[in-house]
Amino acid sequence: MRIVVDPASPVPPYEQVRGQLAEQIGDGRLPVGARLPTVRGLAGELGLAVNTVARAYRELEAAGLLETRGRHGTFVAPGRDDAVDRLQRAAVGYAAEAARLGVAPDAALDLVRAALDAARRS
């Protein structure tokens, strides 16, 4: 697992960590069942605050990509389906393009929410 955080990036550090982990899970570099470093361990390795890495892990867990097993650690979650995997890859590409274009994360999320709302109405 390789994570690189660019302090000069307009993308917040937690989002950089979340996005890179999601990409590695989506493309199989982090297979189902792989154990991730502890929040403290990864934060120390990356020179980030513990809460920054914890937020990235929480968001990945909420998305169904990670599962925390108490004191046993955090693992890549099983049971993902092809649709979720395909959407994850699309989300990674969208996030990368938004960052490349300099679109703020909140604005990029607003665009996705608007698109989802439009799709539900049609």
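Up top is the structure these notes are about.
In this report, the structure presented in the accompanying data block is examined. Since we're looking at a predicted model, the values are computed, not measured. Counting from 1, residues in each chain are numbered in the order their sequence is written. Reporting of local features is limited, given that this is a predicted model, to residues whose pLDDT is at least 70; pairs of side-chain atoms are given and counted only at 80 or more, and all residues count toward the totals for whole chains, interfaces and linings. Excluding hydrogens and water, the side-chain figures rest on all heavy atoms present in the structure.

**Here we look at the side chain of glutamate 15**
Here glutamate 15 lies in helix α1 (residues 13–26). Relative accessibility thresholds used throughout: buried, under 20% of the residue-type maximum; exposed, over 50%; partly exposed, between the two (1.4 Å probe, protein chains only). Note on glutamate 15: relative accessible area 16%, which makes it buried. Here the side chain of glutamate 15 touches arginine 18 through a polar contact of 2.5 Å, side chain to side chain. Numbering of helices and strands runs from the N terminus; a helix is a DSSP stretch of H or I covering at least four residues, while a strand is a stretch of E covering at least two. What qualifies as a polar contact is a pair of N or O atoms within 3.5 Å, subject to a donor-acceptor requirement within protein and to the restriction that residues adjacent in sequence count only when both atoms come from side chains.

**Some points on the environment of threonine 52**
By the element assignment, threonine 52 lies in helix α3 (residues 50–62). A C-alpha to C-alpha distance of 13 Å links threonine 52 and glycine 19, two positions 33 residues apart in sequence. What makes two residues a contact is simply this: any of their non-hydrogen atoms within 4.5 Å. Those residues in contact with threonine 52 that sit more than four places away from it in its chain are Pro13 and Tyr14.

**Quick word on the packing of helix α2 (residues 39–46) against α3**
Running from amino to carboxyl end, α2 crosses α3 at an angle of 120°, the nearest separation of the two axes being 8 Å. In terms of axis orientation, α2 runs oblique to α3. For the crossing formed where α2 meets α3, the hand is right-handed. Counted together, Val39, Arg40, Leu42 and Ala43 of α2 and Val50, Val53, Ala54 and Tyr57 of α3 form the full contact between these two elements. A per-class count over the contact of α2 with α3 returns seven nonpolar, no polar and one charged. Simply put, an axis is a line fit to the C-alpha atoms, just over the touching stretch for a helix, and the angle between two N-to-C directions goes from 0 to 180 degrees. Here the angle decides the label: under 35 degrees means roughly parallel, over 145 means roughly antiparallel, 65 to 115 means roughly perpendicular, and every other value means oblique. For any pair of crossing helices, the crossing counts as left-handed if the nearer helix is rotated counterclockwise from the farther one by less than a right angle, and right-handed if it is rotated clockwise. By the convention adopted, Pro, Cys, Tyr, Trp, Phe, Met, Ile, Leu, Val and Ala count as nonpolar, Lys, Arg, Asp and Glu as charged, and the other residues, Gly among them, as polar.

**Some words on the packing of aromatic side chains**
A pair of aromatic rings is counted whenever rings of Phe, Tyr or Trp (Trp by its six-membered ring) have centres within 6.5 Å, and the orientation is called stacked for planes under 30 degrees apart, edge-to-face for over 60 and tilted otherwise. By the definition in use, this model includes zero aromatic pairs. Above the face of the tyrosine 14 ring, arginine 55 is positioned so that its terminal group lies 3.7 Å from the ring centre. Lying across the ring of phenylalanine 75, arginine 69 places its NZ or CZ 3.9 Å from the centre. We count a charge as sitting over a ring when the NZ of a lysine or the CZ of an arginine lies within 6 Å of the ring centre and within 35 degrees of the ring normal.

**Observations concerning the side chain of arginine 18**
Within the secondary structure, arginine 18 sits in helix α1. Under the relative-accessibility criterion, arginine 18 is labelled buried at 17%. Aside from chain neighbours lying at most four places away, what touches arginine 18 is Ala56, Glu59 and Leu60.

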